[in-house]
Amino acid sequence: MNDIVKNIYVLPNKIIFNVLRSLDEDFEKIVKTIQEMLKTENEEVAEEEIKKALIRAAETFILNTYDQSARLSVTDKTMPAIELFDRTSTNYTIQHIMMRENLGDFKGFTSQADKLYDKSELSIVKSMITRIVHKHFLYHKKLRIVGDVERVAKKYFGESVKKVDFLK
């Protein structure tokens, strides 16, 4: 069972690494190539916009990979074994947050999300956590925005958050 659980964490990260490695290695070259391709007579797309779009696309790929893995491997019966895995990296912690979120464990996933969000200085980590929380609100439209749910909504989406914000 230990090898299976280990693979639930390790294999998605190997896939991500192999798919995104060339983007990482040739990032500046790819940005310049895209910028040249998008250049028009009167307007040039800002290099920073292209970088943000590529990073956002990579982030989406990572989260989708984690989500697929979690959907296929996590149930109430498998979670006790998964909990025993030593999550030694931020990637594993983000995966675990996704697993808890997919189970609908609001308290469990938001507790871990809050800790990682508050501890991390990396904007991409904060963005991923915010997107996982947002996914939860989108998939659980019956959540009442009161108490701890309201606290979480305000933390990740701002003080003026309303239920209608998640229906868009």
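Everything below is about the structure printed above this text.
If you're wondering where the values come from, they're calculated on a predicted model, not measured in any experiment.

1. Brief notes about helix α8 (residues 147–157)
The periodicity of an α-helix, 3.6 residues per turn, causes residues three or four places apart in sequence to face the same way.
Link 1 in the chain: Of the residues making up α8, those classed as buried are V149, V152, A153 and Y156. Projected down its long axis, α8 shows its buried positions confined to an angular sector of 100 degrees, all on one face.
Link 2 in the chain: The inward-facing, buried residues of α8 contact α6 (106–119) and α7 (123–139).
Link 3 in the chain: Among the residues trailing α8, G158 stands out with phi positive, at a value near 105 degrees.

2. Quick notes on the environment of K52
Link 1 in the chain: Positionally, K52 belongs in helix α3 (residues 47–73).
Link 2 in the chain: With 100 residues separating them in the primary sequence, K52 and V152 have C-alpha atoms 26 Å apart.

3. Some points on the packing of aromatic side chains
Link 1 in the chain: Counted under the stated rule, the structure contains seven aromatic pairs.
Link 2 in the chain: Ring geometry for F106 versus F137: centroids 6.3 Å apart, planes at 80 degrees, classification edge-to-face. You can see F106 sitting in helix α6 and its partner F137 sitting in helix α7, a full 31 residues away along the chain.
Link 3 in the chain: With 5.7 Å between their ring centres and 90 degrees between their planes, F137 and F157 make a pair best called edge-to-face. You can see F137 sitting in helix α7 and its partner F157 sitting in helix α8, a full 20 residues away along the chain.
Link 4 in the chain: On the basis of relative accessible area, F137 is assigned to the buried category, the value being 2%.
Link 5 in the chain: Taking relative accessible area as the criterion, F157 reaches 26% and is therefore assigned partly exposed.
Link 6 in the chain: Positioned above the aromatic ring of Y117 is the side chain of K126, whose terminal nitrogen or guanidinium carbon lies 4.2 Å from the ring centre.

What counts, and at which threshold
- Residues numbered from 1 in each chain as written.
- Predicted model: local features only at pLDDT ≥ 70, side-chain atom pairs only at ≥ 80, totals over all residues.
- Heavy atoms only, no water.
- Buried < 20%, exposed > 50% of the residue type's maximum accessible area, 1.4 Å probe, protein only.
- Helix = DSSP H or I, 4+ residues; strand = E, 2+ residues; numbered from the N terminus.
- Arc of directions from axis to C-beta.
- Contact = heavy atoms within 4.5 Å.
- Phe/Tyr/Trp six-rings, centres within 6.5 Å; stacked < 30°, edge-to-face > 60°.
- Lys NZ or Arg CZ within 6 Å of the ring centre and 35° of its normal.

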